[in-house]
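Chains, contacts and geometry: an overview
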Amino acid sequence: MTGWNKTSLAALLIASGIWLLAGAFLWLNLAPPSDGARFQPGEVVWRADGVVVTPLDEQADGLRAGDVVVEVDGPRTEKWAQLLLAPGAPRPHWQFGQTVSYTVRRNETELNVPVTLGQYPLAAIVLADWSTILFGVFNQLVAAFVFFKRPADPPPRILFLGSAGMLGATAWSLGLTVGGLVNPLGFWMFKALTVGAYFL
């Protein structure tokens, strides 16, 4: 059986939704200004006093690996985390080149660190996690080839959906950012991809 049916169309629709969500998450990281750091994937970064960041392009006078961000532009990170469930709460509108005040705990000392916002360091992330990203893309291409050859057969559909979920879950490599905590759309998209798509 090689023709299309409702189930194969549903599989294509679900996979397309995952691709669109992953593309939107990538754009959401690339479009606004960035502090150049992420919450390191695979590590415990949430702490009672703040969140641990890992700069992708460390500067001597900026954020450093292991810094615990305690406050962002005034409010504590705990307050920003609480506002993740308050979509109507006022949020800052940061601009490229703007300097934002972070309070960080570094070596048990609290410091005010001025962070100049710039472009999201996508190249650094691709260099750091190229094998994961390449595996996700290649796996999806192979699964798509098999699926489009035999869309009505259950094994190609399962392979296609599983690889779409895996590709969507590579958002894990981009990681969450402080910007995704302050403006929560990125946070919820990240969770949808790294939890929802991954479980698929």
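A short tour of the structure in this document, coming up. From a predicted model like this one, the values you see are computed outputs, not experimental measurements. (Residues numbered from 1 in each chain as written. Predicted model: local features only at pLDDT ≥ 70, side-chain atom pairs only at ≥ 80, totals over all residues. Heavy atoms only, no water.)

Glancing now at the sheet that holds strand β5 (residues 68–72). Across the sheet, 5 strands lie side by side as β2-β3-β5-β6-β7; this open sheet has antiparallel pairing. The outermost strands of the open sheet, each flanked by one partner alone, are β2 (46–47) and β7 (109–116). Note that β2 and strand β3 (residues 50–52) share 2 bridges and pair antiparallel. Among the inter-strand pairings, R47 is bridged to a residue of β3, identified as G50. (Pairing = 2+ DSSP bridges. Helix = DSSP H or I, 4+ residues; strand = E, 2+ residues; numbered from the N terminus.)

Below, the discussion takes up the packing of helix α1 (residues 6–30) against helix α4 (residues 154–169). In a packed pair of helices, the relevant descriptors are the angle between the two axes and the axis-to-axis distance. Two elements in contact, α1 and α4, have axes separated by 9 Å at closest approach and are oriented at 10°. Classed by the angle they form, the pair α1 and α4 counts as roughly parallel. Between α1 and α4, the contacting residues are T7, S8, A11, L12, I14, A15, I18, W19 and A22 on the first element and R157, F160, L161, A164, G165, L167 and G168 on the second. For the contact of α1 with α4, a count of residues per class yields 11 nonpolar, 4 polar and 1 charged. (Axes fitted to C-alpha atoms, helices over the stretch in contact; angles between N-to-C directions. Parallel < 35°, antiparallel > 145°, perpendicular 65-115°, else oblique. Contact = heavy atoms within 4.5 Å. Nonpolar A, V, L, I, M, F, W, Y, C, P; charged D, E, K, R; others polar.)

Right, let's talk about the packing of α4 against helix α7 (residues 185–199) for a bit. It is at 8 Å that the axes of α4 and α7 come closest, and there the two elements cross at 160°. In terms of orientation, α4 lies roughly antiparallel with respect to α7. The element α4 and its partner α7 pack so that their crossing is left-handed. Contact with α4, carried on its side by G165, G168 and A169, involves L193, T194, A197 and Y198 of α7 and no other residues of that element. (Left-handed = near helix turned anticlockwise from the far one by under 90°.)

Moving on: α1. Its 25 residues give α1 an end-to-end C-alpha distance of 36 Å, which sits within 8% of 36 Å, the value for a rise of 1.5 Å per residue. Every buried residue belonging to α1 is among S8, A11, A15, I18, F25 and N29, and all of these are buried. Where α1 begins, the capping side chain belongs to N5, and its oxygen is found 3.0 Å from the backbone nitrogen of T7. (Expected span 1.5 Å × (residues − 1). Buried < 20%, exposed > 50% of the residue type's maximum accessible area, 1.4 Å probe, protein only. Polar contact = N/O pair within 3.5 Å; in protein donor to acceptor, adjacent residues only side chain to side chain.)

Looking at the secondary structure, you find Y120 in the loop between β7 and α3 (122–149). Between the C-alpha atoms of Y120 and D35, which are 85 residues apart in sequence, the distance is 7.5 Å. Not counting the four nearest positions on each side in its chain, Y120 is found in contact with N29, L30, S34, I125, L174 and T177. A polar contact of 3.1 Å, which involves the side chain of Y120, links it to the backbone oxygen of L174.

Turning to the layout of surface pockets, a few remarks are in order. In this structure, the largest pocket occupies an estimated 420 Å³ of space. Lining the largest pocket we find 24 residues, and of these L28, P32, G179, G180 and N183 sit closest to its centre. Of all the secondary-structure elements, those providing two or more residues to the lining of the largest pocket are α1, α6 (178–182) and α7. In terms of residue count, α1 provides more of the lining of the largest pocket than any other element does, 4 residues in total. Considered class by class, the residues forming the lining of the largest pocket number 14 nonpolar, 9 polar and 1 charged. (1 Å grid on protein atoms, 1.4 Å probe; cavity = no way out; pocket = protein on both sides within 12 Å on 5 of 7 lines; lining within 4 Å. Points joined across faces, edges and corners; volume = space filled by probe spheres on them.)

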